[in-house]
Amino acid sequence: HAYGSPFDSLTPSPQPPAPPRSGLTLVELLIVIVILGILVAAVLPLLTPATGERRIREASRGLNTFVSLAMAKAAGEGRSFGIGFKKLSQDTSNASDRPVCLEVFLAEQPQPYVGFSESSMVRVANNFRDQNRSIQGSYPPISFGPTVLLQLVAFGTGVAPAQDGAVAGIDPDLFPSGMIRPGDVLEIGSARFEIVPLMGSVQTSVMLDPATGFFTVNQTMSNAGRIPQLVGRPLNDTGQSFTPVSDAAGSSLFVSANGTLTSTSGSTLRPFWTAPMRYRIIRQPQPTSASPYQLPEGVAIDLQGSGLHGDAPLAIENNGVAANSSVGIRNNDDPIYVMFTPEGAIESIRYNRGGDGTSSGAKDFLTIRPTANLSLLVGARENLPVDNSLNATGVTTENELEELKAKVNWTNLDSMWVNIGGQSGSVSTTENAFINVVEAANQAVDLDGRNGVDPLDIRREQIRRARAFAREMNRDGGN
């Protein structure tokens, strides 16, 4: 039709497009929820407090880094540098906190002490008064074996021998308090003597302050003519051999026809002294001013489990039970030092194996030079100190056994070991091992020869097994 169909007006007009939907289908909503869940699971650990296991891992990595820092400083400065473990009891005065370490600090070797003047000397004599004497207040008794007397002297300044207590031409050489302490090493050429906490003779002006652990000079006695005198334990064969030249009265000595030492005056008063010689005292480490490493909240270095492979722990229990003979007295508030050589090896470990500084237990700082690896146990603070009676006796179910193991850092699988190579200087971090506590209790041996196998012996066997696993992991490259 030329003018269109009459039905054209009845054809519907095109409709505008429908507006987009504003909601989500159920499937889309579920997808969004899953994605959000994944994101929250990934981000939440970074925003919320860490779990105990995660804090322990972070602490072990931080300790690993801090040990490496000390080694780097020793290498960079070309001298001994190390770390010190501060016991919590130093702040709390609570004996139960002695095996707890929450802070590790950097330590350095102070300059040697060589006396006050160019004429400062030392002379040596056999110690015939205190041979094989033990220090006071120690169990088991700590004997030093044969020792020598070390008198700090200077060439005469004109003081009459009758006034200063020395022979003609020799005067007392005093030293300041806080300078010399047991465990320091006095060197005369190649001869080395460890200074021990014995007085050796009443004819001395030196006293040991039990509170500080340092020797002091009694000025009243020194003014009355007492020469500062220390006792040393020879550390090498050279220290055993020296030639006396005078007796106690200052008379010259010579070998008589029958081979005995005789003085020119015939007095032969003991002790017999060498000629004065140059010396230096290698002093023990001390903290630096650098910021320490603070372990995260709830985490501690367990000094009851930490120690050298094949040796006793760095700290013992604190409930009055006597220590095993292979452990010694280590129940005190003093820090433990680990020093490194510039090459990275462990140069020495120093700790107080003596008393707590009271009048009945003088401190005895021992310096050992280990070759074995040192393992540091990082675990839960709440697990310290360990109950001395802790063993598997009476445990009947697997759940009870697991609850028991969770209370002990060296049987808790959340714990970590930081291992330091005694000679290699390598530092690694390994996970704790599964310890069969029943088997360890059955195979423990009596270490002290008293009362048969006791809880301390069982503990040592458990720790030995855990450290052995850490050592094997270290060999395999665990980190």
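A quick note: this is a predicted structure, and the numbers were derived from the prediction, not measured. (Residues numbered from 1 in each chain as written. Predicted model: local features only at pLDDT ≥ 70, side-chain atom pairs only at ≥ 80, totals over all residues. Heavy atoms only, no water.)

Trainee: Just checking my understanding: could you explain helix 2 (residues 52-77) for this structure?
Mentor: Residue pairs spaced three or four apart in an α-helix point in one direction, given the helix's 3.6 residues per turn. End to end, helix 2 covers 37 Å across 26 residues, agreeing with the expected 38 Å (1.5 Å per residue, within 8%). Listing the buried residues of helix 2 in full gives Ile56, Ala59, Ser60, Gly62, Leu63, Asn64, Phe66, Val67, Ala70, Met71 and Ala74. Downstream of helix 2 by one or two residues, glycine 78 has phi in the positive range, about 65°. (Helix = DSSP H or I, 4+ residues; strand = E, 2+ residues; numbered from the N terminus. Expected span 1.5 Å × (residues − 1). Buried < 20%, exposed > 50% of the residue type's maximum accessible area, 1.4 Å probe, protein only.)

Trainee: Can you help me understand the packing of aromatic side chains in this one?
Mentor: In this description, a pair of aromatic rings is defined by centroid distance and the angle of the planes. One pass over the structure, following the stated rule, counts three aromatic pairs. Taking the centre distance of 5.7 Å and the plane angle of 75° together, the rings of phenylalanine 105 and tyrosine 337 count as edge-to-face. Linking phenylalanine 105 in strand 2 (residues 100-108) with tyrosine 337 in strand 17 (residues 336-340), this pair joins segments that are 232 residues apart in sequence. Residue phenylalanine 105 shares its accessibility class with tyrosine 337, and that shared class is buried. (Phe/Tyr/Trp six-rings, centres within 6.5 Å; stacked < 30°, edge-to-face > 60°.)

Trainee: What's the story with helix 6 (residues 398-406) in this structure? I'm lost.
Mentor: Three or more residues of helix 6 are buried, namely Leu401, Leu404 and Lys405. The buried residues of helix 6 occupy an angular sector of 95° when the element is viewed end-on, so they sit on one face. Opposite the buried face of helix 6, by more than 90 degrees, sit the exposed residues Asn399 and Glu403. (Arc of directions from axis to C-beta.)

Trainee: Before we go on, may I ask you to explain the confidence of the model for the protein in this structure?
Mentor: Caution applies to low-pLDDT regions: their predicted coordinates should not be interpreted in detail. In this model, the protein carries a mean pLDDT of 78, and residues with pLDDT of at least 70 account for 72%. Here residues 134-141 is modelled with pLDDT under 50, and outside its nearest four sequence neighbours on either side it reaches 24 contacts, counting other chains as well. Below a pLDDT of 50 lies the segment residues 318-328, which in the model reaches 38 contacts outside its immediate sequence neighbourhood of four places, other chains included. (pLDDT = per-residue confidence, 0-100. Contact = heavy atoms within 4.5 Å.)

Trainee: When you look at the pattern of salt bridges in this model, what are you seeing that I'm missing?
Mentor: Side chains that differ in charge, positive against negative, can pair when their charged atoms come close. The full count for this structure, using the stated rule, is 16 salt bridges. For arginine 192, the salt bridge goes to glutamate 187, with nearest N and O atoms at 3.4 Å. The buried category is assigned to glutamate 187, whose relative accessible area is 15%. Taken together, the shared-partner salt bridges in this structure form one network comprising Lys73, Glu77, Arg79 and Glu108. (Salt bridge = Lys/Arg side-chain N within 4 Å of Asp/Glu carboxyl O.)

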